[in-house]
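Residue-level structural notes
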Amino acid sequence: MSLKSSAVDAATSTMISLIGSLADNKGALGRRYGEWAVSAPTIESAVAAAAMAQDELGHARATYPVLAKLGVSRDDEGLEAGYPLPVIARELPDWASFIAANLVVDGILTTFVATARDSSIEPLAQRARKILQEEGAHRVHAEAWLRRIGRTGGSDLDLLIQRIGEMWAQASRWPGPDGHPGYQEAIARGMVIEGPAAIRRRVREWLLALSDGVGARVALDEPADWDGWDEVHRR
Amino acid sequence: MSVAVALTDAERVEARLWDALRKVEDPELPVSVVGLGLIVSLAYGMEGRVAVVELTFTSMGCPAMEFIEEDIRDALLRDPDVDRVDIEVVWDPVWTKDRIRSEARERMRSLGIVA
């Protein structure tokens, strides 16, 4: 993969990073979901994993062309390329990781997409509406499995809570630091309507309500240390 | 009382092209791409003898995208007045079941497909 762009303003540069990384992570999420399409704990979830994989790969494929509208030429080297979050860059080790990715990574990315539903970047807004339509089923799947594992309790629930924490540690950094100048300018120009802290807050509130519902406690701290954060690949 | 409306040459071609699209079936469902609501718009330009199609899909991960585009292109290029077909995939309006036309819905129901 190569990125070629001429000099752009801070808001556009931030949006290029967000959109390119959104596509990278959706591509990786699609591959991870797909790997469980034959080994999920139930046949229903195996079918759901295949369907969600198809959705995510479609979202990635449809999102990359938005970069061209922002003046970036990106050579597509296939879905194995890109810079996804490390937690989804390789095969997920267990079903708890699958559900944690479904909840946390998918949750963060979809919440970002929701902030672009009426984006002044029209091709992004168009895709956002379709993505949000399709992501509704992913959310239902994640919530249902959290409740199911919550009812089981014991080591299954302990592992899920651990995996949620691991996913959160990386995915919560994806939107970036609040107050980032490029992000603030993007909000001012209507490219998105909310910034990183609002995305984290929405996902955190949703996850805490869900985990409270099954009597579990999950730590979803605000990222504190941004040293070494890569603002191009958002990790 | 019926009123005869004279069509322009371009409108006559466009009408033929819509007929051609009504014969293009979705690879997964026994209804046309028009009936399924996949065709967002169709325009014909006399000057370049070009048909311009705005096309959407039921899902972003539709595995039949390329087949459908090929079938549409082939069908339109069979028209003697078309030299080129430009297809633009669009996601707005978002496809929902509401875009299925009533005759296609009836056809699907007759085959036991809920629509």
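In short, a report on the structure. Everything numeric here is computed off the predicted structure, so don't read it as measured data. (Residues numbered from 1 in each chain as written. Chains lettered and ligands numbered in written order. Predicted model: local features only at pLDDT ≥ 70, side-chain atom pairs only at ≥ 80, totals over all residues.)

Side note on the overall build of chain A
- Counting its regular elements, chain A contains seven helices and two strands.
- From first element to last, N terminus to C terminus, chain A shows the α and β order β-α-α-β-α-α-α-α-α.
- The C-alpha radius of gyration computed for chain A amounts to 17 Å, which stays within 12% of the reference 18 Å derived for 235 residues, consistent with globular compactness.
- The principal-axis extent of the C-alpha atoms belonging to chain A is close to 55 × 35 × 30 Å.
- In chain A, which comprises 235 residues, the share counted as buried stands at 45%.
- Counted over contacts in chain A with a minimum sequence separation of 6, partners at least 24 positions apart contribute 75%. (Helix = DSSP H or I, 4+ residues; strand = E, 2+ residues; numbered from the N terminus. Rg over C-alpha atoms; globule rule 2.2 N^0.38 Å. Buried ≥ 20, exposed ≤ 12 C-beta atoms within 10 Å, placed from the backbone. Contact = placed C-beta atoms within 7 Å.)

Notes on the overall build of chain B
- Counting its secondary structure elements, chain B contains three helices and three strands.
- Counting helices and strands in the order they occur from the N terminus, chain B gives α-β-β-α-β-α.
- With respect to the three principal axes, the spread of C-alpha positions in chain B is 40 × 40 × 25 Å.
- Looking at the 115 residues of chain B, the share that counts as buried comes to 24%.
- Taking contacts inside chain B between residues at least 6 apart in sequence as the whole, the part at least 24 apart equals 63%.

Some words on the interface of chain A and chain B
- With 13 residues of chain A at the contact, the number on the chain B side is nine residues.
- Of all elements in the fold, only α2 (43-69) and α4 (122-152) of chain A reach the threshold of two or more residues within the side of chain A that touches chain B.
- With seven residues, α4 of chain A is the single largest residue contributor to the side of chain A that touches chain B.
- Split by residue class, the side of chain A that touches chain B holds three nonpolar, five polar and five charged. (Nonpolar A, V, L, I, M, F, W, Y, C, P; charged D, E, K, R; others polar.)

Topic: the pairing of strand β3 (residues 84-89) of chain B
Residues and elements named next belong to chain B.
- With six bridges joining them, strand β2 (residues 50-55) and β3 adopt parallel strand pairing. Residue pairing for β3: Glu-54 is matched across the bridge by Glu-88.
- In this fold, β2 hands off to helix α2 (residues 65-77), which returns the chain to β3; that crossover is right-handed. (Pairing = 2+ DSSP bridges. Right-handed = clockwise from strand over helix to strand, strands pointing away.)

Notes on the sheet that holds β2 of chain B
Residues and elements named next belong to chain B.
- Taken in spatial order, the three strands line up as β1-β2-β3 in an open sheet, and their pairing is mixed. Strand pairing shows two members of the sheet lacking a second neighbour, β1 (39-45) and β3, which therefore form its edges. Between one strand axis and the next, the sheet turns by 15 degrees as a mean value, whatever way the strands run.
- Bridge count for β1 against β2 is six bridges, and the pairing is antiparallel. Residue pairing in the sheet places Ser-41 in a bridge with Glu-54 of β2.
- Each of β1 and β2 touches helix α1 (residues 9-21); the most contacted strand, β1, lies at about 140 degrees to it.
- Running over the sheet, α2 touches β2 and β3 and is turned about 150 degrees from β3. (Axes fitted to C-alpha atoms, helices over the stretch in contact; angles between N-to-C directions.)

Honestly, it's all geometry; don't read function into it.
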